[in-house]
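Observations on chain architecture
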Amino acid sequence: MRTDQILPRLERVFARLDREPERPAHLQTPRMSRHRVVLLGATLGFYLAIVVAVLTTSWLVRLDWQVMFFRPYEQWPQLHAFLDYLVVLGQRGPTAVMVAAWLGWRSWRQHTLRPLITLGVALLLLNITVGAVKLGLGRLGPHYATQIGSAELFAGGDIFPSGHTANAVVTWGILAYLASTVVTRRVLSVVSAVVSLSVGATTVYLGTHWVSDVLLGWSAGLLVLLALPWCEPLIAQVEAYVFEARARLRSLVEAGQVPEALTGLLVPLLSAGGKWRLQRAAEPAAGSAGPTEPQEPVTPAAAPSLPAAHHPAARPAIHLTARQHLIRSERTPATPVGSRRPAHAERAPSRGAAARPATGG
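Here's a quick rundown of the structure. Keep in mind that what you see is a predicted model, and the values were worked out from it rather than measured. Numbering of residues starts from 1 in each chain and follows the order in which that chain's sequence is written. With the structure being a predicted model, the display of local features is reserved for residues of pLDDT at least 70 and the display and counting of side-chain atom pairs for 80 or more, all residues being used for whole-chain, interface and lining totals. The basis for every side-chain value is the complete set of non-hydrogen atoms in the structure, without hydrogens or water.

Attention now moves to helix H10 (residues 211–227). We count a stretch as a helix when DSSP gives it H or I for four or more residues in a row; a strand needs E for two or more, and each element gets its number in order from the N terminus. Take the number of residues in a helix, subtract one, and multiply by 1.5 Å to get its expected span. Across its 17 residues, H10 extends 25 Å between first and last C-alpha, which sits within 8% of the 24 Å expected from 1.5 Å per residue. Among the 17 residues of H10, 14 are classified as buried, and the element is accordingly described as predominantly covered. The cut-offs for exposure are 20% and 50% of the maximum accessible area for each residue type, with area from a 1.4 Å probe on protein chains only; residues under the lower value are buried, those over the upper are exposed, and the others partly exposed.

Below, the structure written as C-alpha cells:
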C-alpha cells in the first residue's frame, strides 16, 4: 500500500479518536472488588502450592512422569493433526495479532485507546512474570529429561510454567475483560476458559509440557487477568500521555520547529479530520513578499465560456483518481533489438520493420 493511501486512512482514525470516548452507560471500568481479591488470593495460593510441589519432587512430579510414559500422542494418533493446529491458539505471535486487530477496531469504534493499552499492559505483565519464573527455575521439558523421577529443575530449560497456556488465558481472557455488556462478558469468559484449557491439555498430549507446567501456566495467566484492575489508573495515564504528546507535537509543527521533510508525514496524523491541514495550507508561505490574497477556485460554472477543445475538463493531463497514470508520450519507448542503422531513404518503413532485427550485410 502506498504512502498517499496510508496517510488518509490514519488521518480518519486519529480524527475519530479526537472525539469524546463513547462507552455504554451500564459498563463501568473493572475495579478490584472483594470477590476479585478472594479469587486472586486463592489463585496465588494454588500457584505457590504447585511451585513447592515441584521443588520438593512430590506426587505431582511422579504424575508428570506417568503421563509422559503414557504418551497420549501414541494412544490417540488420529487427533495429532487437529491438535497441531489447535495449539497455535496459545502462541503469542498469532494470538496477539488477532486480538490486537479486534481491539484496534474497538478502540476506533469507542474513540478511546484503552483496549489496546490494556492488551499491551497485560502482555507486558505476562512476559515479566512468566519469563522470570521460567529462567529462574530452568526446568527441562519431557523430550529433554535426563533422569527418571527427577523434577529436572535448574538445568537450563525454560518450560515451567507453560507459556502457551498462560498466553492463551491472557490473550483470550482480555476479550472478556473488555466486553461491552454483561452477557457478552459471561459468554467470552466461558469461551476463553475452554480455549485455554484445550491449549494446555494439547501441550500435554503433544509431550511438550509436563502436567505441572500447564497447571502453573493456567494460574499465571489468571493472576494477570485478576490483577488488571490495579493497572487501570496506569492505563488511563498512558492514554492521557499519548494524546498530550500528540498535542505537543502538533504545537511544534504549527510553530515551524519541525523539519519540512517530516511535516508532510506528521500533518495527516496530527490533523482532526483534515481541518488543521487545510488551515495550514491556507497560510502564506514563509519569505513571501506580503500577505497573499486568497484565490477562489475556478469552477466550470464560474469560468468564462471556452470552446470545448480548450475547456479544462477536456484536458487529458488531469486525473481524478488517486493513482497516477503515464500518458503515451511519457512511457519508455521499446528499443528494437539488432542493428540501429536508419531505414532506406527511398522506402517508407513498414509497421513491422522497426520490430524485426536487421540481419545480414
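Alright, that's what it looks like, and here's the rest.
Structurally, Thr57 can be placed in the loop between helix H2 (34–55) and helix H3 (59–70). Among the residues examined, Thr57 registers a relative accessible area of 36% and is labelled partly exposed. Remark: the alpha-carbon pair of Thr57 and Gly149, spanning 92 residues in sequence, is separated by 8.1 Å. Other than its neighbours up to four places away in sequence, Thr57 contacts Gly149 and Ala151. Only heavy atoms enter the contact rule, under which two residues are in contact if any of them lie within 4.5 Å.

Before going further, it helps to examine the nonpolar core. Formed by 42 residues in total, the largest nonpolar core has its most connected members in Val99, Leu103, Phe160 and Ile174. Elements that contribute at least two residues to this core include exactly H2, H3, helix H6 (92–110), helix H7 (114–137), helix H8 (163–177), helix H9 (182–206) and H10. Ranked by residue count, the leading element in this core is H8, at 8 residues. In this view, Leu103 contacts Pro115, Leu116, Leu119, Ile174, Leu175 and Leu178; residues no more than four positions away in its chain are not counted. Nonpolar cores were defined as sets of buried Ala, Val, Leu, Ile, Met, Phe, Trp, Tyr and Cys residues, with membership established by side-chain atoms within 4.5 Å.

Only one rule defines a salt bridge in this text: a Lys or Arg side-chain nitrogen within 4 Å of an Asp or Glu carboxyl oxygen. The tally for this structure, following the rule as stated, stands at 4 salt bridges. Of the charged contacts, one joins Asp64 and Arg139 as a salt bridge, the two residues approaching to 3.1 Å between their closest N and O atoms. Of this pair, Asp64 sits in helix H3 while Arg139 sits in the loop between H7 and H8, and the two are 75 residues apart along the sequence. Residues Asp64 and Arg139 agree in their burial class; the two are buried. Two residues, Arg139 and Asp213, come together in a salt bridge whose shortest N-O distance is 3.1 Å.

Attention now moves to unusual backbone geometry. Omega for the bond connecting Phe160 with Pro161 falls within 30 degrees of zero, at 5°, which places this linkage in the cis form. Note that Pro161 resides in the loop between H7 and H8. Notably, Arg71 is not glycine yet its phi reads approximately 50°, a positive angle. With respect to the element layout, Arg71 can be found in the loop between H3 and helix H4 (72–75). Of note, His111 is a non-glycine position whose phi angle comes to about 60°, a positive value. Locating His111 in the fold gives a position in the loop between H6 and H7.

Here we come to the packing of aromatic side chains. Centres within 6.5 Å are what make two rings of Phe, Tyr or Trp a pair, Trp counting through its six-membered ring; a difference in plane orientation under 30 degrees is then read as stacked, over 60 as edge-to-face, and the rest as tilted. Throughout the structure, instances matching the rule amount to 4 aromatic pairs. Seen in terms of ring centroids, Trp65 and Trp210 are 5.1 Å apart; in terms of plane orientation they differ by 50°. Their pairing is tilted. Taken as a pair, Trp65 in helix H3 and Trp210 in the loop between H9 and H10 lie far apart in primary sequence, 145 residues in all. Lysine NZ or arginine CZ positioned within 6 Å of the ring centre and within 35 degrees of the ring normal marks a charge as sitting over the ring. Over the ring of Phe160 we find Arg139, and its NZ or CZ is 5.2 Å from the ring centre.

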